[in-house]
Amino acid sequence: MASEEKKKSAGYRLARYFLQYKYRLLGGMTTTAILGGLDVAAVTGISHLVDILSEIATIMRNGGEFVVEKHIDYVDYTLRITSFRDIALFVGVIFIAVFGKAIFMYFHEYLMNSAAHKILMRLRLELFDKILVLPMKYYDREKTGGVMSRITNDVVNIEQSTASSISLIKNGLQVIIFIAAMLLTSWTLTLFVLVVFPAFAVLLRVYGRRIRSISRRISLNVADITAFLQEKINAITIIKSFTRERDERERFREMAYENYKYSMKNVRQVATLKPMNETLGSLSMVLVILFASYYFVQGEMTMDVMTRFILLVLLAYQPIRTLGKIHATMQKALASAVRIFELLDAETERRDRPGAIKLADVKGEIEFRNVSFAYEPGKPALRNVSFRVPPGKTFALVGPSGGGKTTTIKLIPRFYEIDEGAILVDGKDAREVEISSLREHIGMVTQETILFADTVFENLRYGKLDATREEVVEAAKAANAHRFISEISKGYDAFIGERGVQLSGGQRQRVAIARAILRDPKILLLDEATSALDSESETLIQAALEKLLRSKTSLVVAHRLSTIQNADRILVIENGSLVEQGTHGELLGKGGLYRKLHEIQFKD
Ligand code: ADP
Ligand code: MG
């Protein structure tokens, strides 16, 4: 889709969000209309007052009597002023309009802005929901920072735009009301106000286009900055150890400079647009004053009409100017809306097929039947892999790095959809099963241990949200994690991560294993779960794992000889193909790849 079209459809979609809160908006618009009406009323009152005062002044100067009678046509009422007290009363009536404005202003702000904030919350929730259902593939491709900047930066731009949209509705309505009042007062003078409008339109069009394209660049740049920061903060150890601070600083400076450059481009556009806007506005004002005074002097226009008209032009001036500014913010917001809707429209993880079955009472058999899979077309990561893990058995996956071990493991919970063949759990094709019920029976310990910034207790309980304190402690004991947890201050209630306790790699791994134990899944997938450990942690974990593996079907990517030897069967994967399988003894006897790997790794 062309970017222009995209923007248009993004605009319509954003408008649809607004329509969901139509009653609030309708209420808000009603208050705007009332506010505008009260403004017109006050102006009308003031113009009558000026008229009356000038008349009284003339009468008094000529030694006449303090009596003025004024017929007000549109209410067909004759106003009779005979003392200064009557004038004060009249001023009081004008004040009522001003006071009424104060009351309606509150409701106006409340109604308009509550709709805007509801829309923002909805967008944030929808984006996060989307993040949870995006396929793994999406995250392989996109930078985390880029995704994040859509929820942070782009939503904030939308926030400004909702403010602008509201401002658009409000100021637009005001302009309409004021122009209607002008037309009723004097249509000839109104023409002089409107004469500059086409010029306004041309200005907005030209500048709108420029500002839009600059805004898009800025959005992309902010996404880059977010992604960059995210990556560098995570890699701070590497940056420091390779002393690359200067290079990183230089790269960051370039991005920051680019941001500055485009922001200034934007500033220059706005800075030239503003005075032009102002000049056009003043021009129409000058024209109006000039012709109004001409008509007045000629006796073709009363003092009343002239004053009211000039006051109305003054009133309309502010909203018209604001409308000019809104255009620029709206352009920026539309650029962000496009990015947000792009994420919302991204293809989601393939959900359950119609009639998908719920997996219950799983025995835990896993079978790969001629499975082929490629992350990218043409580069197969697994080719025609077949094996069967009977319930309760432990299979070890070994092979050179990059062979496809992690891939094999990730395919079981359907993180990726396979291209050919089938993966069966308890004899049922995993594709015919509800994803959530499939994943419920799977426990996973990944190579990098991922813990959340929360207490030790909550981290453990992530595996089973309704676990009791006893169950949690039980699981920690089974993973040989209870001892060290008890030793840290606050124990299970200690905070992990930022501004909390720092755990060693081995400790974190044991927490992760305890988390998997607590879930008590029928199928356990361990990806090099013990590779990052020191020898003490390793012995502790090894013992914990053996207990854990006994009752479960498990697929273990292993480097430790003991884990491999104890496995019921060993699968050797190289270059995406299953090249050998058998027990430790069988494979050693065969003298193939396994034997070679074994000799290299366990020479001693
Ligand atoms: P192992 O775990 O045996 O070291 P992997 O299963 O991680 O191997 O990788 C198998 C192959 O798939 C490698 O060639 C690797 O480059 C590729 N690969 C792994 N993950 C991805 C991914 N997310 N996107 C694209 N290619 C990938
Ligand atoms: Mg791996």
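Each remark here, short or long, concerns the structure printed above.
Because the structure is predicted, anything quoted here is derived from the model rather than measured.

A. The layout of surface pockets, seen in detail. Space inside the largest pocket adds up to approximately 2,500 Å³. Considering the residues around the largest pocket, the lining is formed by 45 residues, among which M136, F415, T446, I450 and F452 are closest to the centre. If you list the elements that add at least two residues to the lining of the largest pocket, you get helix 3 (84-133), helix 4 (136-141), helix 5 (144-185), helix 7 (197-234), helix 11 (405-411), helix 12 (435-440), strand 8 (442-445) and helix 16 (505-519). Of the residues belonging to the lining of the largest pocket, the class tally is 24 nonpolar, ten polar and eleven charged.

B. Spotlight on the site of ligand 1. Residues in contact with ligand 1, as listed here, are D140, Y375, E376, A381, S401, G402, G403, G404, K405, T406, T407 and Y416. Here an oxygen atom of ligand 1 sits 2.8 Å away from a polar atom, N or O, in the main chain of K405. In this structure, T406 approaches ligand 1 through a side-chain N or O atom, which is 2.7 Å from an oxygen atom. Residue assignment for the shell around ligand 1 shows that the elements contributing at least two residues are strand 3 (366-376) and helix 11. A per-element tally of the shell around ligand 1 places helix 11 first, with three residues. The residue makeup of the shell around ligand 1, split by class, is three nonpolar, six polar and three charged.

C. Region of interest: a positive patch on the surface. On the surface, R216, R217, K261, K265 and R268 cluster together to form a positively charged patch. Listing elements by their share of the positive patch, those giving two or more residues are helix 7 and helix 9 (245-297). The leading source of residues in the positive patch is helix 9, at three residues. For K265, the position within the fold is in helix 9. Overall, the relative accessible area of 39% leaves K265 in the partly exposed class.

D. Representation of the sheet that holds strand 7 (residues 428-429) within the structure. Spatially, 4-3-6-7 is the arrangement adopted by the four strands of the open sheet, whose pairing is antiparallel. Looking at strand neighbours, the two that pair on one side only are strand 4 (379-389) and strand 7, the edges of this open sheet. Sheet topology places strand 3 next to strand 4; seven bridges connect them, and they run antiparallel. The residue bridging I366 from the neighbouring strand is V389, located in strand 4.

E. Broad picture of the packing of aromatic side chains. All told, the structure shown has 14 aromatic pairs when counted by the stated rule. Between Y375 and Y416, the aromatic rings sit 5.1 Å apart at their centres with planes inclined by 85°, giving edge-to-face as the arrangement. Taken together, the positions of Y375 in strand 3 and Y416 in the loop between helix 11 and strand 6 (420-425) put the pair 41 residues apart, joining distant regions of the chain. Relative accessible area serves as the criterion here: at 29%, Y375 is assigned to the partly exposed category. Grouping aromatic residues by their ring pairs yields a cluster made of Y106, F107 and Y110. Sitting over the ring of Y207, R210 keeps its end group 5.1 Å from the ring centre. Positioned above the aromatic ring of F457 is the side chain of R469, whose terminal nitrogen or guanidinium carbon lies 4.7 Å from the ring centre.

F. Representation of empty space enclosed by the protein in the model. On inspection of all chains with the given rule, the structure shows three cavities of 30 Å³ or more. Approximately 80 Å³ is the volume attributed to the largest cavity. Along its surface, the largest cavity is lined by M182, V193, V196, F197, F200, G281, S284, V313, A316, Y317 and I320. Taken together, the elements giving at least two residues each to the lining of the largest cavity come down to helix 7, helix 9 and helix 10 (303-345). Tallying contributions element by element places helix 10 first for the lining of the largest cavity, with four residues. Grouping the constituent residues of the lining of the largest cavity by class yields nine nonpolar, two polar and no charged. Approximately 60 Å³ is the volume attributed to the second largest cavity. Taken together, L411, R414, Y416, E417, I418, I423, D429, A430 and R431 form the lining of the second largest cavity.

G. Highlighting the nonpolar core. In terms of nonpolar packing, the biggest core is built from 42 residues, with L460, I485, Y492, I513 and I570 touching the most fellow members. With seven residues, helix 16 is the single largest residue contributor to this core. If near-sequence neighbours (up to four positions away) are discounted, I485 is found in contact with V456, L460, A476, G491 and Y492. Counting 31 residues, the second-largest nonpolar core is a separate cluster that includes V385, I409, V433 and L555.

H. Examining the environment of F90 more closely. For F90, the position within the fold is in helix 3. Along the backbone, F90 and I46 are 44 residues apart, and their C-alpha atoms lie at a distance of 9.3 Å. What F90 contacts, discounting residues up to four positions off in sequence, is G45, H48, L49 and L79.

I. The pairing of strand 9 (residues 523-527), seen in detail. Most of strand 9 sits out of view: five of its five residues are buried. In strand 9, alternate side chains face the same way, and those of I523, L525 and D527 on one face and L524 and L526 on the other are all buried. Note that strand 8 and strand 9 share four bridges and pair parallel. The partner of M444 across the bridge, within strand 9, is L525. Here strand 9 runs beside strand 10 (residues 553-557); their pairing, made up of five bridges, is parallel. Considered in strand 10, the bridge of L525 is made with L555.

J. Highlighting the pattern of salt bridges. Evaluation of the coordinates by the stated rule reveals 27 salt bridges. Its salt-bridge partner being E342, residue R150 comes within 3.4 Å of it at the nearest N-O pair. Here the residue R150 occupies a position in helix 5, and E342 occupies one in helix 10, the gap between them amounting to 192 residues. Among the residues examined, E342 registers a relative accessible area of 38% and is labelled partly exposed.

Rules and cut-offs
- Along each chain, numbering runs from 1 in the same order as the chain's sequence is written.
- Each chain gets a letter, beginning with A, and each ligand a number, beginning with 1, in the order they are written.
- Per-residue local features of the predicted model are confined to residues with pLDDT of at least 70, and side-chain atom pairs are confined, for both listing and counting, to 80 or more; whole-chain, interface and lining totals are unaffected and use all residues.
- Think of the side-chain values as coming from all heavy atoms in the structure, minus any hydrogens and water.
- Grid points spaced at 1 Å over the protein atoms alone were grouped into cavities, where a 1.4 Å probe fits but cannot get out, and pockets, open sets with protein on both sides within 12 Å along at least five of seven lines, with lining residues defined by an atom within 4 Å of a point.
- Grid points are joined across faces, edges and corners, and a volume is the space filled by probe spheres set on the points.
- Numbering of helices and strands runs from the N terminus; a helix is a DSSP stretch of H or I covering at least four residues, while a strand is a stretch of E covering at least two.
- For this classification, Asp, Glu, Lys and Arg are treated as charged, while Ala, Val, Leu, Ile, Met, Phe, Trp, Tyr, Cys and Pro are nonpolar and the rest, including Gly, are polar.
- Distances are taken per atom, and a residue is near a molecule or strand as soon as one of its heavy atoms is within 4 Å of it.
- Polar contact criterion, stated in full: a pair of N or O atoms within 3.5 Å, where within protein one must be able to donate a hydrogen and the other to accept it, and residues adjacent in sequence count only if both atoms are side-chain atoms.
- Surface patches are defined over residues having more than 30% relative accessible area and no salt bridge, joining like charges when they lie within 9 Å and nonpolar side chains (Val, Leu, Ile, Met, Phe, Trp, Tyr) when within 5 Å.
- A 1.4 Å probe and the Shrake-Rupley method give the accessible areas. Residues count as covered only by the protein chains that appear here.
- Think of a salt bridge as a Lys or Arg side-chain nitrogen and an Asp or Glu carboxyl oxygen that are within 4 Å of each other.
- Charged residues are defined here as Lys and Arg on the positive side and Asp and Glu on the negative side; His and the ends of the chain fall outside this count.
- Where a charge sits is defined by one atom per residue type, namely NZ (Lys), CZ (Arg), CG (Asp) or CD (Glu).
- Exposed residues in this analysis have more than 50% of their type's maximum accessible area, buried residues have under 20%, and partly exposed residues fall in between, with area computed by a 1.4 Å probe over protein chains only.
- Here, a strand pair is defined by DSSP locating no fewer than two bridges between the strands.
- Any Phe, Tyr or Trp ring, taking Trp's six-membered ring, that has another such ring centre within 6.5 Å forms a pair; planes under 30 degrees apart are called stacked, those over 60 apart edge-to-face, and the others tilted.
- Two conditions define a charge sitting above a ring: the NZ of Lys or the CZ of Arg must be within 6 Å of the ring centre, and it must be within 35 degrees of the ring normal.
- Here, the term nonpolar core denotes a set of buried Ala, Val, Leu, Ile, Met, Phe, Trp, Tyr and Cys residues that are joined through side-chain atoms within 4.5 Å.
- Working rule for contacts: check all heavy atoms of both residues, and any pair within 4.5 Å makes them a contact.

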